[in-house]
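So the chains spell out like this:
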Amino acid sequence: MVKQARAVRTRRAVLEAAAHVIGARGYQAATIAEIIQRAGVTKGAVYFHFTSKDALARAVITEQTDPFLPQVSESRLQDAIDFTHQVALALRIDPLLQAGTRIAVETTFSEDPLVPYQAWTDIITTLFTEARDNGELLPGVAPDRAAEFFVAAYMGVQLFSRAATNRADLPERVTALWKHTLPGLASPGAMSHLDPHGRCVELSV
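Heads up: these notes are all about the structure in this document. In this text the structure is predicted, and so the values were computed from the model without any measurement. (Residues numbered from 1 in each chain as written. Predicted model: local features only at pLDDT ≥ 70, side-chain atom pairs only at ≥ 80, totals over all residues. Heavy atoms only, no water.)

1. Things to note about the overall build of the chain
Short version of the rule: Labels follow the DSSP assignment, with helices taken as runs of H or I lasting at least four residues and strands as runs of E lasting at least two, numbered in each case from the N terminus. Buried, partly exposed and exposed residues are distinguished by accessible area as a fraction of the type maximum, computed with a 1.4 Å probe on protein chains only: under 20%, between the cut-offs, and over 50%, respectively. The contact rule is simple, with two residues in contact once any of their heavy atoms fall within 4.5 Å. Note on areas: these come from Shrake-Rupley sampling with a 1.4 Å probe, and a residue is covered only by the protein chains present in the view. Under the counting rule used here, the positive set is Lys and Arg, the negative set is Asp and Glu, and His together with the chain ends is not counted. For charged residues, the charge sits on one atom: NZ in Lys, CZ in Arg, CG in Asp, CD in Glu.
A tally of regular secondary structure across the chain gives ten helices and zero strands. Helices and strands in the chain line up, N terminus first, as α-α-α-α-α-α-α-α-α-α. Residues counted as buried form 46% of the 205 residues belonging to the chain. The contacts of the chain with a sequence gap of at least 6 include a subset with a gap of at least 24, amounting to 69%. Carbon and sulfur atoms form 57% of the exposed surface of the chain, whose accessible area is close to 10600 Å². Looking at the chain, you have 20 positive and 22 negative side-chain charges, and the mean spots of the two groups are 10 Å apart.

Structural data, given as structure tokens:
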């Protein structure tokens with residue numbers, strides 16, 4: 001059990017080091033040597049857990065969603081709004097989220113893109129599906145297609161915010177995104193109780 005605990009700590013240290021290095025220098029420029037130095041582990045320890053920089057990057061993408069769980073309330077559409085604001089706040093401070101974004105952008109045009117969007121799309125699809133079941137969506141809105149569209153728009157908004165203000169204004173931009181999206185998504189009855197600014201959001205990271 002001691003060995004297992006040490007292995008878990010080592011793996012986490014490597015992941016966090018990779019996130020910091022990739023977030024600061026970019027995926028292409030980051031090197032395993034830099035990650036090893038920041039993590040304070042041996043080369044063998046890194047390769048025990050991750051066979052390559054590609055494998056390490058995929059782990060960053062896979063695990064970046066782990067700390068984020070949508071709230072559960074009577075309005076699943078409001079829960080979706082609150083969830084996206086939680087992520088917006090975390091994007092300003094969470095190295096895994098920041099690194100995942102850089103990885104996605106830098107590998108978009110490669111032969112084998114490392115795309116983190118599917119995990120986020122799955123979460124929003126679930127929320128939209130439950131919102132539909134609660135009668136919160138307009139007739140004809142397909143939760144999976146709407147979720148895919150929203151995540152694509154969200155990624156664009158956060159990249160624009162990163163370029164313009166280093167994500168300082170991201171919550172305001174996410175609010176604007178919801179204000180423009182909700183009229184084509186929410187039923188009239190749901191619109192009356194939805195707050196695009198998000199309810200009080202606490203970071204869990």
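2. What about the side chain of Thr-107?
Heads up, the condition is: We define a polar contact as two N or O atoms separated by no more than 3.5 Å, with the added condition that, inside protein, one atom must be a possible hydrogen donor and the other a possible acceptor, whereas residues neighbouring each other in sequence contribute only through side-chain atom pairs.
Of note, Thr-107 is situated in helix H6 (residues 95–107). Look at Thr-107 and you get buried, because its relative accessible area is 4%. Polar contacts involving the side chain of Thr-107 include one to the main-chain carbonyl oxygen of Ile-103, which spans 2.8 Å. When near neighbours in sequence (up to four residues on either side) are disregarded, Thr-107 contacts Tyr-27, Gln-28, Pro-113 and Leu-114.

3. Things to note about the environment of Glu-136
Along the chain, Glu-136 falls in the loop between helix H7 (117–133) and helix H8 (143–165). With 54 residues separating them along the chain, Glu-136 and Ala-190 place their C-alpha atoms 5.2 Å apart. Residues in contact with Glu-136, not counting those within four places in the same chain, are Glu-74, Ser-75, Arg-76, Leu-77, Ala-131, Leu-185, Ala-186, Ser-187, Ala-190, His-193 and Leu-194. Of note is the side chain of Glu-136, whose polar atom sits 2.6 Å from the side chain of Ser-75. At a separation of 3.5 Å, a polar atom in the side chain of Glu-136 contacts the side chain of His-193.

4. As for unusual backbone geometry
Backbone geometry at Asn-166 places phi at a positive 55°, although glycine is not the residue there. With respect to the helices, strands and loops of the structure, Asn-166 is situated in the loop between H8 and helix H9 (170–181). When its relative accessible area of 52% is taken as the criterion, Asn-166 is described as exposed. Despite not being glycine, Arg-167 has its phi angle at roughly 70°, a positive value.

5. Describing helix H2 (residues 32–39)
Residues spaced three or four apart along an α-helix face the same direction, because each turn holds 3.6 residues. Inclusion rule: Read the arc as the range of directions from the helix axis to the C-beta atoms.
Every buried residue belonging to H2 is among Ile-32, Ile-35, Ile-36 and Ala-39, and all of these are buried. Buried residues in H2, looked at end-on, bunch into an arc of 100°, giving them a common side. Across from the buried face of H2, at angles greater than 90 degrees, the exposed residues are Ala-33, Gln-37 and Arg-38. Once H2 finishes, Gly-40 follows within two positions and takes phi at roughly 70°, a positive value.

6. Regarding the nonpolar core
To keep it simple, the criterion reads: As used here, the term nonpolar core means buried Ala, Val, Leu, Ile, Met, Phe, Trp, Tyr and Cys residues forming a set that is joined through side-chain atoms within 4.5 Å.
Counting 34 residues, the largest nonpolar core has Leu-77, Phe-128, Trp-178 and Leu-185 as its most contacted members. Within the residue set of this core, elements represented by two or more residues are helix H5 (76–91), H7, H8 and H9. By size, the runner-up hydrophobic cluster in this structure holds 26 residues, among which are Leu-15, Ile-32, Ala-39 and Leu-114.

7. Structural notes on the packing of aromatic side chains
Counted only if it meets this: Any pair of Phe, Tyr and Trp rings, taking the six-membered ring for Trp, is counted once the centres come within 6.5 Å. Such a pair is stacked with planes under 30 degrees apart, edge-to-face with planes over 60 apart, and tilted for the rest.
On inspection of all chains with the given rule, the structure shows four aromatic pairs. Both rings, one in Phe-83 and one in Trp-120, keep their centres 6.1 Å apart while their planes meet at 45°; by these two values the pair is tilted. A residue pair is termed long-range when its members are at least 10 positions apart, and Phe-83 in helix H5 and Trp-120 in helix H7 qualify at 37 residues. Each member of the pair, Phe-83 as well as Trp-120, is classed as buried.

8. Remarks on H8
The test is simple: Expected span of a helix: the number of residues minus one, times 1.5 Å.
Here H8 is 23 residues long and its end C-alpha atoms lie 32 Å apart, about the 33 Å a rise of 1.5 Å per residue gives. Those residues of H8 not exposed but buried are Pro-143, Ala-146, Ala-147, Phe-150, Val-151, Tyr-154, Met-155, Val-157, Gln-158 and Ser-161. Against H5, H6, H7 and H9 lie the buried residues of H8. Where H8 ends, the next residue or the one after it, Asn-166, has phi of about 55°, a positive value.

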